[in-house]
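Per-entry structural report
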Amino acid sequence: MNITVIGTGYVGLVTGACFAKMGNDVYCVDIDEEKIEGLKNNVLPIFEPNLETLVKDSQRKGDLHFTTDIKEALDKTNIIFIAVGTPMSEDGSANLDYIFSAASDIANNITKDSLVVIKSTVPVGTGFKVKEHIENILNENSSSVNIDIASNPEFLKEGHAIEDCLHPDRVVIGAEKEEVFDVLKDLYSTFVLNHDRFLFMDIKSSEMTKYVANAMLATKISFMNEVANICEVTGADIKNVRAGIGSDKRIGFDFIYAGCGYGGSCFPKDVQALINTAESNGYTPELLSQVESVNYTQKRVLIKKVADRFGEDLSGLSFCIWGLSFKPGTDDVREAPSLVVAKGLINMGAKLKVYDQEAIDEFKKAMGDEYLDSIEFFDSRYDALNDCDALILITEWKEFRNPDFERLSQKLKNKVIFDGRNIYDKRIEKQGFELYQIGR
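Let us now look at the packing of helix α9 (residues 203-234) against helix α11 (residues 267-280). It is at 9 Å that the axes of α9 and α11 come closest, and there the two elements cross at 115°. It follows that α9 is roughly perpendicular to α11 by the angle criterion. The crossing of α9 and α11 is left-handed. Of the residues in α11, those touching α9 at M208, K210, Y211, N214, A215, L217, A218 and I221 are F267, D270, V271, A273 and L274. In terms of residue class, the contact of α9 with α11 is made up of 10 nonpolar, 1 polar and 2 charged.

The sheet built from 6 strands is open, its strands ordered β11-β10-β9-β12-β13-β14 with parallel pairing. Because the sheet does not close on itself, it has two edges, and the strands there are β11 (375-377) and β14 (434-437). Adjacent strand axes in the sheet meet at a mean angle of 20° when their direction is disregarded. Sheet topology note: the strand β13 (residues 416-419)/β14 ladder contains 4 bridges and is parallel. Along β14, the bridge assignment pairs F418 with Y436.

Residues E178, E179, D182 and D186 make up a contiguous surface patch of negative charge. Here E179 shows up in helix α8 (residues 178-188).

Taken as a whole and judged by the stated rule, the model has 1 cavity of 30 Å³ or more. Taken as a whole, the largest cavity holds about 30 Å³ of empty space. Residue lining of the largest cavity: S120, T121, V122, S151, P153, S206, E207 and K210, and that is the complete set. By residue number, the principal contributor to the lining of the largest cavity is α9, which donates 3 residues. Tallied by class, the residues present in the lining of the largest cavity amount to 2 nonpolar, 4 polar and 2 charged.

On a regular strand, each side chain points to the face opposite its neighbour's, so the side chains alternate between the two faces of the sheet. With respect to burial, strand β6 (residues 147-151) is a largely interior element, 5 of its 5 residues being buried. Every second residue of β6 is oriented toward a common face, with I147, I149 and S151 on one face and D148 and A150 on the other, all of them buried. In the classification by handedness, the crossover that spans strand β5 (residues 114-118), the intervening helix α6 (residues 126-140) and the parallel β6 is right-handed. In the sheet, β6 pairs with strand β7 (residues 171-175) via 2 bridges, with the strands oriented antiparallel. Directly across from A150, in β7, lies its bridge partner A175.

Quick look at the environment of A94 now. Relative to the assigned elements, A94 resides in the loop between β4 (79-82) and α5 (97-109). The sequence separation of A94 and L274 amounts to 180 residues, and the corresponding C-alpha distance is 9.0 Å. Setting aside residues no more than four positions away along its own chain, A94 makes contact with T86, P87, S89, P123, Y211 and A273.

Buried within helix α10 (residues 238-246) we find I238, R242 and G246. Each buried residue of α10 lies within a common arc of 65° when the element is viewed along its axis, so the set occupies one face. Of the surrounding secondary structure, the elements contacted by the buried residues of α10 are α9. Between the side-chain oxygen at the start of α10 and the backbone nitrogen of K239 there is a gap of 2.9 Å, and the oxygen is on D237.

Now for the pairing of β13. Neither face of β13 is open: one carries V416 and F418, the other I417 and D419, and all of them are buried. Pairing of strand β12 (residues 390-393) with β13, which is carried by 3 bridges, proceeds in the parallel orientation. Residue pairing across strands places I392 opposite F418, the latter belonging to β13. The β-α-β motif built from β12, the intervening helix α17 (residues 405-411) and the parallel element β13 has right-handed crossover chirality.

Cut-offs and rules
Residues numbered from 1 in each chain as written. Predicted model: local features only at pLDDT ≥ 70, side-chain atom pairs only at ≥ 80, totals over all residues. Heavy atoms only, no water. Axes fitted to C-alpha atoms, helices over the stretch in contact; angles between N-to-C directions. Helix = DSSP H or I, 4+ residues; strand = E, 2+ residues; numbered from the N terminus. Parallel < 35°, antiparallel > 145°, perpendicular 65-115°, else oblique. Left-handed = near helix turned anticlockwise from the far one by under 90°. Contact = heavy atoms within 4.5 Å. Nonpolar A, V, L, I, M, F, W, Y, C, P; charged D, E, K, R; others polar. Pairing = 2+ DSSP bridges. Patch = residues over 30% accessible without salt bridge, like charges linked within 9 Å, V, L, I, M, F, W, Y side chains within 5 Å. Areas by Shrake-Rupley, 256 points an atom, 1.4 Å probe, with all protein chains shown as cover. Salt bridge = Lys/Arg side-chain N within 4 Å of Asp/Glu carboxyl O. Lys, Arg positive; Asp, Glu negative; His and termini not counted. Charge placed at Lys NZ, Arg CZ, Asp CG, Glu CD. 1 Å grid on protein atoms, 1.4 Å probe; cavity = no way out; pocket = protein on both sides within 12 Å on 5 of 7 lines; lining within 4 Å. Points joined across faces, edges and corners; volume = space filled by probe spheres on them. Buried < 20%, exposed > 50% of the residue type's maximum accessible area, 1.4 Å probe, protein only. Right-handed = clockwise from strand over helix to strand, strands pointing away. Arc of directions from axis to C-beta. Polar contact = N/O pair within 3.5 Å; in protein donor to acceptor, adjacent residues only side chain to side chain.

Given below as structure tokens:
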């Protein structure tokens, strides 16, 4: 099939590359000339395991093209995916400026009947608004082109996006016409050869499904963090509690790990957008509001633990931070707990030595110049420990799971570890370490 993907951010780039891998002719369009030139030379703007290889191979085979010329792309394709960003506005709503900008570009450049598919995460009802927007411009231009609209939300996990795209556990499609379902089922059939994992529904339900999926996962995380804090004040052990409830098949073990809060480009934004959608329709979503409130507080738990151990004034003290990305397998630091912890400690007078295998550049951009003088960056996790008063673990990269504790004890001034993801066993306390964890 011949496909245009508008937007070469995380979703657009992964989606376009995976479509191309399956033999489709794919044009990825972006207004950022520097980004497009980089992609043409296999220089990716994001880190995602195996994505660079996929892009390189598909370009070599001639199945994947990058361009800033949307007319060139639309002239050669008849399925158009909108995969631009929908960042959070100040009031918590989804900012749809990029969506409608893409819709305008489609309407002003399209020359043949096409299917427009919204892959971006958008509020309920956006699909119909986009269709109306495009059709109004087509009418103003006296165009005879007809479009159909569909919703096809993405369910990609950063760090596992290629696998999720190539082997989805479900393909949600919202549309108005049977023939639209048929077109998209044909497109995705190569991704789900062994199982029929298609879920066909109306457009509004498809749009809502994405928000509810992320809100549900965020709710599980905040619930478990709330329970962890209760465990801590009562003397229970959250790891034991997790084992006790996770073995119940109705609950399961996924997303019930206690930690220092969730971040990323999806959960915080989508929970807030769903809250805004509810409130704008006259409903107060009390549970979702508390999910966000708990997460806000949880990101600051490590700061409190450090202050309880070393005092409110951290002047003259240095702390090593392992892990900056919001989760392993990505360089994404959007809404990451590391940003909150780092700023909080610096505001209390501390100096920081930090290490992350992928996210240092993005972390520098997100922190801002006013904080960088208090931070030293390292290429080695062990070098970052030198003369620090304690280690603070925030992101559970695999390389942190079984470190050489003898080297830690030699490099740290104090054998103190703040474990924000509960990955260490309390047996290290027998080696003389003070171990501070979440809910333990």
